Structures are given as C-alpha cells and as structure tokens.
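Per-entry structural report
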Amino acid sequence: MTEMERKVAVIVGYQLRLLLLAVTFATAIQIDNRLVQPQHDCFERIALGAMLPFEKTFRNSDTNSLKICETLCLNDKECQTFAFGISGRGNGTCQLSANTIDATKSRPVGTIFDPDFDLYARKYNCFLDGPTNPPPKPGGKKF
C-alpha cells in the first residue's frame, strides 16, 4: 500500500466514524411535535406561535413530548386548553388551563406570541369518563 493509499484509507475511516456518530446522535434526539393531527385526537390545534399567560394556567410541566402534554390535559377534568412548546435548546414546556380560548380571530384572545409554542383546545365531543366528564358548553369560562 502506497503512502497516498494509506492517507486515503485514514480519511475514509474518519469520515465513516463521523457519519456513524452523526446517525447515532440524530436517533438519540426525538422531538415530538406533530405537523399533522390524527383524526381520533381529542384536541385541535387552534394557534401556532401562541402560549398561555402564566396567570391563566393551573399547571406547568417540563416535558419534551406533545403526547404527554395531551395526556396530562386529557386526564385532568379541569383542563380545556393546553400550550406546548420546545425551545431551541430542547427544553419542553406544557401549560394546562381550565379556560376556553376564543380562536375566532387571527391571534387567539388572551394569548402571548411565542414562536416555540402551539395552542390546543379540547374538542367539544371528547371527554374521558362518559357523560360525567363532558367539556363545558359554549359560553363557559373564557378569557
């Protein structure tokens, strides 16, 4: 093997290790923020880039999973709206609220602009325990 072939082999070896490291790192990071909403979902995304003011939330949780945030809201009879966001550093936040949001305008009333967050509302026909836990009728608590 010539000196040039040896150098090429070393460079190729480094490139393969770098590629393996990049693939390993990419599979270790999982961001669970959906762009498409499943049909059977109990929540509807009503705003992009919107978070709830802290005084309108009854619970804030650190999580990097939209599904966990959804489940937290679904399992709490008080929860009608939640905001979920992941910052550029990878820190996730889930905000739960008992309030319904007026989303008839381009920016939902009473929300704060934050490009890292999306706002979700419980669908009217979705409840956990049958008729004992229905969501509020239109005209319930709003802000």
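Whatever comes next refers back to the structure up there.
Everything numeric in this text was worked out from a predicted model, so none of it was measured. (Residues numbered from 1 in each chain as written. Predicted model: local features only at pLDDT ≥ 70, side-chain atom pairs only at ≥ 80, totals over all residues. Heavy atoms only, no water.)

This part takes up the environment of Lys 56. One can find Lys 56 in the loop between strand S1 (43–51) and strand S2 (59–62). Remark: the alpha-carbon pair of Lys 56 and Thr 111, spanning 55 residues in sequence, is separated by 9.3 Å. (Helix = DSSP H or I, 4+ residues; strand = E, 2+ residues; numbered from the N terminus.)

Listed in full, the buried residues belonging to helix H2 (residues 66–74) are Leu 66, Cys 69, Glu 70 and Cys 73. Along the axis of H2, the buried residues cluster in a sector spanning 100°; they form a single face. Buried residues along H2 sit in contact with S1, strand S3 (81–86), strand S4 (92–97) and strand S5 (112–122). N-cap assignment for H2: the residue whose side-chain oxygen lies 3.3 Å from the backbone N of Lys 67 is Ser 65. (Buried < 20%, exposed > 50% of the residue type's maximum accessible area, 1.4 Å probe, protein only. Arc of directions from axis to C-beta. Contact = heavy atoms within 4.5 Å. Polar contact = N/O pair within 3.5 Å; in protein donor to acceptor, adjacent residues only side chain to side chain.)

A few words now on the pattern of salt bridges. Opposite charge on two side chains allows them to pair when their charged atoms are near. Considering all chains together, one arrives at 3 salt bridges under this definition. The residue Arg 6 makes a salt bridge to Glu 3 at a minimum N-O spacing of 3.1 Å. Within this pair, Arg 6 and its partner Glu 3 are both found in helix H1 (residues 3–28), separated by 3 residues, close to a single helical turn. Across the pair Arg 45 and Asp 118 runs a salt bridge, and its minimum N-O distance is 3.3 Å. One end of the pair, Arg 45, is in strand S1; the other, Asp 118, is in strand S5, and 73 residues separate them in sequence. The exposure class assigned to Arg 45 is partly exposed, which follows from its relative accessible area of 25%. (Salt bridge = Lys/Arg side-chain N within 4 Å of Asp/Glu carboxyl O.)

Side chains of Met 4, Val 8 and Val 12 sit close together on the surface and give an oily, nonpolar patch of about 280 Å² of accessible area. Following the sequence through the fold, Val 12 ends up in helix H1. By relative accessible area, Val 12 is classed as partly exposed at 38%. (Patch = residues over 30% accessible without salt bridge, like charges linked within 9 Å, V, L, I, M, F, W, Y side chains within 5 Å. Areas by Shrake-Rupley, 256 points an atom, 1.4 Å probe, with all protein chains shown as cover.)

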